[in-house]
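The residues making up each chain are set out below.
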Amino acid sequence: MAFKRNPQKFPGATKTVVIGTGDRAVTLGGENVMPLYSFDAPIENRPKVGVEISDSGYDKNVPGIAAYYAGAETIADIAKKAAAMPGADFIAISLEGADPNGENKSVDECVELCKAVGEAVDLPIVVLGCKNHDKDAKLFEKISDALQGKNILVMSASEENYKTVSASAGLAYSQKIGAESAVDINLAKQLNVLISQMGVAADNVVMNVGSAAAGYGFEYVASTMDRVKAAALAQNDNMLQNPIVTPVSDDAWSVKESIVSEADFPEWGPTEKRGVAMEITTAAACLASGSNAVILRHPESVAAIAKFIGELM
Amino acid sequence: MALKGLDIFKLTPKTNCKECGNPTCMAFAMKVAQGSVPIEKCPHLSAEALATLSEATAPPMKSIKIGAGEAEHTLGGETVLYRHDKTFVSRNLFAVSVCASCFDEKLPEIEKIDYERIGEREYVELINCVYNGDKAAYVELVKKAAATGRTLVLECQCPDAARAALEVCAAGKPVLNGATPENYEEMSKLATEFGVVLGVTAGDIDALYDTVAAIEKLGNKNLVVDVGVGSVKDAFATAVQVRRAALKDQDRTFGYPSIVNVGKLAAGDENMQTALASLFTMKYGSIVVMENMSYAQALALYGLRQNIYTDPQKPMKVEPGIYPLNGGDENSVCVTTVDFALTYFVVSGELERSGVPMNLLISDAGGYSVLTAWAAGKLSAGSIEKFFKQFDIEGKIKNRTLVIPGKVAVLKGEIEERLPGWKIVVAPNEAVGLVKFFKELNA
C-alpha cells in the first residue's frame, strides 16, 4: 500500500502586493499553501530578501559589514553596494536617526537621503521609520511625495498613525504601506480593517505582525503567523490575506548574543558570528512561519537566506 | 480512527462502580474520548475490550525513548501540527556527526557547549557516529563516543558493522539509523535483538512508507523516520508530510519521530546548516544532525527551540532571586521586576546596556507580565515585602534604593510603608527607556 499524498487545499490565498517598478519590481504573496510547502502546490512568488541600510551609515563594528561597504562614503554609495549584494531583492532604508529621542534628524534631511537612494538603485525601496509614530507619519508623507512613481513601501502604519499614513502615503501618493501590529492576530486584523476603511486597497497593504529574535519570545511571533496564515487560507479571511514582511535585522542584532564582546564572554566566540547565526536562525524561522519577505543586514545572512529560499522552491 | 464517548461506553461494564474516580461509566467514557483519562483507569475492562480501546485511543504519533539513565530522551508523542492548538511536547534534539578520523578534533567543541537557559540544560544531546567502511575503526569510534555519556546515533547501513558497534554500546540505548528498503529485515532483527530504536530511510517518500510498513509487519514499532538527504526540498517535503499524515490524516504508519541530517543537506556550509536547523526546529524535525555546532549556532538555535517548545498555557518563568548585573555588588542599586521570562530578558537586556552596576531582584509573580501580575494580585507591596524577607535582601545588600516598574507606580507608597528605610524610585513604563533612566539616575 503506497503512501497516500494528501496535499492541503484551501479556499483562500494570500493577496499579491507589488513593490518597485520596471524589471526589478518584486511581487510579494499570492500563495495558497502553508509557508514554504511548495510540494503541495507551486509557490509562484518565492519569499523575498531585503537588505537593510541605515541613515547613520553602515556598522563599522561588524567586520563583515564594514568590509562589504568599505569605501562607500554617501548613502547612495551604500545603497548601490547593498543593491549589488547577491540575494538582494529590495533595499530597506532605516531612518533610525530621525528619532526625536535620538539624533532627531529633520524630515527634510531624511527626504534627501531617500531621494539619493531612489536615484542610486533600481531595486524596490522600503522605508523603515524611526519607531516614533508622529515623526514616522511626517517622514512617510514627505518621502512618499518625493519618491512618487517609485512604488515604495513605507513601514509602518500603526494603530497610532494609520490615518495619516493611509491618507498620505496610501491614498495621495499611491505608495504601498505596511500595517504593523504587536504579535496578536486580532490586532493585526483590526488594523487591516481600519486601513481598508480609509479607502486603501488591499493590494497596497502588507503586514508586519510583529517580530522578535530567536529565544526572545519568538513563540508569539510563530503562533501569530501560524494563526494568520490559517485564517487567510483555511477560513478565507480577506482581512488577513495581506503578505507579511518581517524586519528581522533590528531585533536580531540588538539581543545580548549579538552584541556582547568576546572579551566579556570568551567561550561564546566572535561577536559577529553570533549575530549572523541569530539573524539567519530568526529569518529562517520567520519564513517557516509565514513571512513573505524578511529584511536582513549582514551580507552572509542575505546570501544564506537567499540560498535557503531558492532550495526550498 | 478516534472513538466517540458512546463507543467507549459500550465496552465498559456499565456498573457505575466509581473505582476509576468518575461518578458513572458514561462520564468515564467521555473523559477517555477527550483523552484526559487513560483507558487503563477502569479495572473491570475485559482484555479484549482493552486491546480494542488502547489501539483506538493510542496517540497518533508514538513517543519513542532513546538513551539510558540521565541521557534518556523522549522523541515524538506530538498531538498537534501547530503549537497554538495545544502544545508541542518533545523538544527536538541536536546531534553532531563524528567519524573515526575527526572525533578527537570535534569532541572538545561539542563539550564546550553546555549552559543553562531558563531552567533548561542546553548542550549537544546526541553524537552521530558515521560509518565509513572500516569496521574496526568504527567500533573504536563508537566506544569513544559512548564514553562521553551522550546518547549515540549510529549512522551505519552495514549490518555486520552495526552488530559490532551495538555490542559495545547497546547499553546506552543508541539509535541504529541504518534500515533501507534493501537491508531492513536484517537491521530490524538487530535492533530488536539489542533493544534499540531503528532509523529507517529510503530514496523517496513512497519507498520510505513501504519500508516502515514492512518493518512494522515484522513486529518492530520502535522506529524513527530519516527524511533523507536527496535535496533540501525533498527533505522538508518528507518531514512535513510524515508528520501531517500522522497527525492530520491519522495514518499511523508515519506516526514516528523524524531524523534530519542538515549536515549532509548543506555539507561545508555552516550558515545554510543554521538556516535548515532553524527550519526543522519549527517544522517537524525530531533529531537534527549537524556537521558541527558552534557556540554562535547553539545560542540562537537553542533559544528558538526553547521558545517553540514552550507550552502556550504555561508562561516561561525565570527563577526568583538576586541577579547582579554589570558587576553589581552589595552597594549597588536594586531594581525589581516579575519572573515572566520575556519581561526578564527585555528588562535585563536594557539594564545591561545601561552599564550601571545593579542588582536585579526577580520575585515570584506566577510567570505573568507586570500588569497582569499586578491585576492578579501576584505583584504587590506584600509580595515584594515577602520576597525581601525570603531572600534576606536587607542582610545581603547595603544599598537602600529600589527601582520599581513604571507600570506599577501606584505601589510606591505602600512599598515605602512596608520597607522602611528604602528609597523607592519609579522606572519608566517601557523597557526602552531604561538606559536613559539609569544614566540619569547615576549622574
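Residues numbered from 1 in each chain as written. Chains lettered and ligands numbered in written order. Predicted model: local features only at pLDDT ≥ 70, side-chain atom pairs only at ≥ 80, totals over all residues. Heavy atoms only, no water.

**Observations regarding the sheet that holds strand E10 (residues 223-226) of chain B**
Residue and element names in this part refer to chain B.
Okay, step 1: Read once around its circumference, the closed barrel built from eight strands follows the order E3-E6-E7-E8-E9-E10-E11-E12, with strand pairing classed as parallel. Taken over all neighbouring pairs, the strand axes of this sheet differ in orientation by 25° on average, direction set aside.
Okay, step 2: Sheet topology places strand E3 (residues 93-98) next to strand E6 (residues 126-130); four bridges connect them, and they run parallel. Within the sheet, the bridge partner assigned to Ser-97 lies in E6 and is Asn-128.
Okay, step 3: Here helix H6 (residues 159-169) sits on the sheet in contact with strand E7 (151-155) and strand E8 (175-179), set at roughly 170° to E7. (Pairing = 2+ DSSP bridges. Helix = DSSP H or I, 4+ residues; strand = E, 2+ residues; numbered from the N terminus. Axes fitted to C-alpha atoms, helices over the stretch in contact; angles between N-to-C directions. Contact = heavy atoms within 4.5 Å.)

**Some words on the interface of chain A and chain B**
Okay, step 1: On the chain B side, the residues contacting the 50 residues of chain A number 50 residues.
Okay, step 2: Carbon and sulfur atoms supply 62% of the area that chain A and chain B bury against each other, a total of about 4500 Å² over both sides.
Okay, step 3: Considering only the side of chain A, the residues that lose the most area to chain B are A:Phe3, A:Phe39 and A:Glu219, jointly responsible for 15% of the buried surface there.
Okay, step 4: When the shortest N-O distance is used, the salt bridge between A:Asp40 and B:Arg244 registers 2.7 Å.
Okay, step 5: The tally of links between chain A and chain B comes to 17 residue pairs in polar contact (both at pLDDT 80 or more).
Okay, step 6: When residues of the side of chain A that touches chain B are traced back to their parent elements, those giving at least two are helix H7 (218-233), helix H9 (256-259), helix H10 (271-289) and helix H11 (299-312) of chain A.
Okay, step 7: The element that contributes the greatest number of residues to the side of chain A that touches chain B is H10(A), accounting for eleven residues.
Okay, step 8: Its residues placed into classes, the side of chain A that touches chain B shows 29 nonpolar, eight polar and 13 charged. (Buried area = accessible area lost by both parts, 1.4 Å probe. Salt bridge = Lys/Arg side-chain N within 4 Å of Asp/Glu carboxyl O. Polar contact = N/O pair within 3.5 Å; in protein donor to acceptor, adjacent residues only side chain to side chain. Nonpolar A, V, L, I, M, F, W, Y, C, P; charged D, E, K, R; others polar.)

**A short note on helix H12 (residues 295-308) of chain B**
Okay, step 1: In this model, H12(B) (14 residues) spans 20 Å end to end at C-alpha, consistent with the 20 Å of a helix rising 1.5 Å per residue.
Okay, step 2: Of all 14 residues making up H12(B), 14 are buried, and the element is well covered by its neighbours. (Expected span 1.5 Å × (residues − 1). Buried < 20%, exposed > 50% of the residue type's maximum accessible area, 1.4 Å probe, protein only.)

**Describing the packing of aromatic side chains**
Okay, step 1: Following the criterion strictly, the structure yields 23 aromatic pairs over all chains and no others.
Okay, step 2: On the basis of an interplanar angle of 65° and a centroid distance of 5.0 Å, the ring pair of A:Tyr216 and B:Phe345 is categorised as edge-to-face. Remark: B:Phe345 occurs in helix H13 (residues 341-354) and A:Tyr216 occurs in the loop between strand E8 (205-208) and H7; the pair is interchain, linking two chains. In terms of burial, A:Tyr216 and B:Phe345 fall into one category: buried.
Okay, step 3: Here the aromatic rings of B:Tyr131 and B:Tyr138 are separated by 5.2 Å at their centres, their planes lie at 70°, and the arrangement is edge-to-face.
Okay, step 4: Given a relative accessible area of 2%, B:Tyr138 falls into the buried group.
Okay, step 5: An aromatic cluster is built from A:Phe265, A:Trp268, B:Phe94, B:Tyr115, B:Tyr295 and B:Tyr302, whose rings are joined through pairwise contacts.
Okay, step 6: Cation over ring: B:Arg117 sits above A:Tyr216, and NZ or CZ is 5.5 Å from the ring centre. (Phe/Tyr/Trp six-rings, centres within 6.5 Å; stacked < 30°, edge-to-face > 60°. Lys NZ or Arg CZ within 6 Å of the ring centre and 35° of its normal.)

**Here we look at the environment of B:Pro43**
Residue and element names in this part refer to chain B.
Okay, step 1: Note on placement: Pro-43 falls in the loop between helix H2 (25-34) and helix H3 (47-57).
Okay, step 2: Using a relative accessible area of 48% as the deciding quantity, one classes Pro-43 as partly exposed.
Okay, step 3: Each C-alpha atom of the pair Pro-43 and Pro-13 lies 9.8 Å from the other, and the pair is 30 residues apart in sequence.

**Comments concerning the pattern of salt bridges**
Residue and element names in this part refer to chain B.
Okay, step 1: Counting across every chain of the model gives 32 salt bridges over all chains.
Okay, step 2: For the salt bridge of Arg-91 with Glu-120, the shortest nitrogen-to-oxygen distance reads 2.7 Å. On the criterion of sequence distance, the pair formed by Arg-91 in the loop between strand E2 (73-76) and E3 and Glu-120 in strand E5 (residues 120-123) is long-range, its members being 29 residues apart.
Okay, step 3: On the basis of relative accessibility, which here comes to 21%, the residue Arg-91 falls in the partly exposed class.
Okay, step 4: On the accessibility criterion, Glu-120 (27% relative accessible area) is partly exposed.
Okay, step 5: When the shortest N-O distance is used, the salt bridge between Lys-135 and Asp-160 registers 3.3 Å. Note that Lys-135 is positioned in helix H5 (residues 135-146) and Asp-160 in helix H6, a separation of 25 residues in sequence.
Okay, step 6: The partly exposed category is assigned to Lys-135, whose relative accessible area is 36%.
Okay, step 7: The partly exposed category is assigned to Asp-160, whose relative accessible area is 47%.

**Overview of the packing of H5(B) against H6(B)**
Residues and elements named next belong to chain B.
Okay, step 1: Where H5 meets H6, the closest approach of the two axes is 9 Å, and the angle between their N-to-C directions is 30°. When the axis of H5 is compared with that of H6, the two are roughly parallel. Viewed along their axes, H5 and H6 form a crossing whose handedness is right-handed. Residues Lys-135, Tyr-138, Val-139, Val-142, Lys-143 and Ala-146 of H5 pack against Asp-160, Ala-161, Ala-164, Ala-165, Val-168 and Cys-169 of H6.
Okay, step 2: Each residue belonging to the contact of H5 with H6 can be placed in one class, and the counts come to nine nonpolar, no polar and three charged. (Parallel < 35°, antiparallel > 145°, perpendicular 65-115°, else oblique. Left-handed = near helix turned anticlockwise from the far one by under 90°.)

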